[in-house]
Amino acid sequence: MTTSPTSFGPVLERIAEEIERTPGRGRPADYIPALAARDPRRFGMAVAEPDGTVYGVGDWREPFSAQSVTKVFTLALVLAREGDALWEHVGREPSGNRFNSLVQLEYEDGIPRNPFINAGALVVTDRLHTRSGDAAGELLAFLRAESGNPQLGFDEEVAASESAHGDRNAALAHFMASYGNIDNPVPVLLEQYFRQCSVAASCADLALAASFLARHGVRADGTRLLTRSQAKQVNAIMLTCGTYDAAGDFAYRVGLPGKSGVGGGIIAVVPGRCTLCVWSPGLDERGNSVAGVAALDRFNTLTGLSVF
Ligand code: GLN
């Protein structure tokens, strides 16, 4: 069935009912206790229209650990500041590898494949920190402004836990520093990166915060963050790289630019029409929310909204 909804409420209710009946939710990320403790049966989904109208179902107002979903926002903030110069430091090709893989970095001379794998996100955060003096603070101010939620903040327990279990990210950062691709001292960069990952936000917050991508680069207050071309570029990188080594399958099933995080959140964009955020903590083996991908798959099928 394909509908052209004037309101997204009924379609969200239907998806939530279907998800409720679906067994098998995957497993929460277990590399830090704060994520491992989440119940995989939690589910929330929100849709934001470009004018700020939000529809939601389930746990759509519950804050969760945004993790790698934040990589979209730091990328946009850096692109806005330095434009194409960024691409001398990070590529924009799908990696075909896991999000925290080390292997490609050596034979590609310390230039990560794309801004959404951990290595690429470390480069982006490093550049934002050099340019702003406070990468995590800049991200938080942006998310608060776009979501209209001044309560949105870092989860200090998650940030500390990330740091305590951060050997792999530290290895990535040190390795890239050895190629001269990191400006800041690695400990400074890692602190910024772990704070960025620890953002706690709800589906409503993140759907609203991503709306500049549905508005072709324009922020909630009407000012422009990205040019129309840059907004298209970020959407393209989300489509090709936003779900790691599952990006092909995600494009096949969901047909939208999307970005996942190991907290179980996924944001997706229908340019010109709406943004979505779905959350359910159970992950598949590639680090993407099982119920989240299923819900976006159903949204695309039920509404016909797709970039294809
Ligand atoms: N904090 C996680 C990490 O850096 C984020 C990864 C993710 O969400 N995919 O390992």
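Per chain, the residues get numbers from 1 upward, laid out in the order the sequence is written. Note on the predicted model: pLDDT of at least 70 is required for a residue's local features to be given, and 80 or more for side-chain atom pairs to be given and counted; whole-chain, interface and lining totals, by contrast, use all residues. With hydrogens and water set aside, each side-chain value is computed from the structure's full complement of heavy atoms.

Examining the overall build of the protein
- Helix and strand assignments come from DSSP, with helices taken as H or I runs of at least 4 residues and strands as E runs of at least 2, each series counted from the N terminus. A count of helices and strands for the protein gives 14 helices and eight strands.
- Atoms considered for the radius of gyration are the C-alpha atoms alone. The globule rule reads 2.2 Å times the number of residues to the power 0.38. Relative to its length of 308 residues, the protein is compact, with a C-alpha radius of gyration of 18 Å against a globular reference of 19 Å.
- Seen through its principal axes, the protein has C-alpha atoms that stretch 55 × 40 × 35 Å.
- The rule is simple: take the accessible area with a 1.4 Å probe, protein chains only, and divide by the maximum for that residue type; under 20% is buried, over 50% is exposed, in between is partly exposed. In the protein, which comprises 308 residues, the proportion classed as buried is 58%.
- Within the protein, counting contacts between residues at least 6 apart in sequence, those at least 24 apart form 69% of the total. Pairs of residues are marked as contacts when any of their non-hydrogen atoms sit within 4.5 Å.

Details of the UniProt feature "binding site: substrate" (unreviewed entry) in the protein
- Under the feature "binding site: substrate" (unreviewed entry), the UniProt entry names Ser68, Asn118, Glu162, Asn169, Tyr193, Tyr244 and Val262. Considering only the annotated residues already named, the ones lining the largest pocket are Ser68, Asn118, Glu162, Asn169, Tyr193 and Val262.
- For serine 68, the position within the fold is in the loop between β3 (64-65) and α3 (70-82).
- Of the residues examined, serine 68 reaches a relative accessible area of 5% and is grouped as buried.
- In contact with serine 68, other than residues within four places in its own chain, are Asn118, Tyr244, Lys259, Ser260 and Gly261.
- Among the secondary structure elements, glutamate 162 is positioned in helix α7 (residues 156-164). UniProt positions are given in the numbering used here, feature names are shortened, and annotations may be inferred rather than shown by experiment. Buriedness for pockets is judged along seven lines, at least five of which must meet protein on both sides within 12 Å for an open set on the 1 Å grid over protein atoms alone, while cavities are sets there where a 1.4 Å probe fits but cannot get out, and lining residues have an atom within 4 Å of a point.

Digging into unusual backbone geometry
- Of note in this structure, aspartate 109 is not a glycine but carries a positive phi near 55°.
- You can see aspartate 109 is positioned in the loop between α4 (103-107) and α5 (118-132).
- Under the relative-accessibility criterion, aspartate 109 is labelled partly exposed at 49%.

Things to note about the pattern of salt bridges
- What counts as a salt bridge is simple: a side-chain nitrogen of Lys or Arg found within 4 Å of a carboxyl oxygen of Asp or Glu. One pass over the full model with this rule turns up 14 salt bridges.
- With a shortest N-O distance of 3.3 Å, glutamate 18 and arginine 14 are connected by a salt bridge. Pair noted here: glutamate 18 and arginine 14 are both in helix α1 (residues 9-21), with a separation of four residues, about one helical turn.
- You can call glutamate 18 buried: its relative accessible area is 18%.
- Looking at arginine 14, the relative accessible area reads 35%, which means it is partly exposed.
- Of the charged contacts in the structure, one is a salt bridge between glutamate 62 and arginine 42, with a shortest N-O distance of 2.9 Å. Highlighted residues: glutamate 62 in the loop between β2 (54-58) and β3 and arginine 42 in the loop between α2 (33-36) and β1 (44-48), separated in sequence by 20 residues.
- By relative accessible area, glutamate 62 is classed as partly exposed at 26%.

With respect to empty space enclosed by the protein
- Grid points are joined across faces, edges and corners, and a volume is the space filled by probe spheres set on the points. Applying the stated criterion across every chain, the model contains one cavity of 30 Å³ or more.
- Of the pockets and cavities examined, the largest cavity occupies roughly 70 Å³.
- Taken together, Ser95, Asn97, Arg98, Ser101, Gln104, Leu105, Glu108, Ile111, Pro112, Arg113, Ile117 and Ala119 form the lining of the largest cavity.
- We call Asp, Glu, Lys and Arg charged. Ala, Val, Leu, Ile, Met, Phe, Trp, Tyr, Cys and Pro are nonpolar, and the rest, Gly among them, are polar. Residue composition of the lining of the largest cavity, by class: five nonpolar, four polar and three charged.

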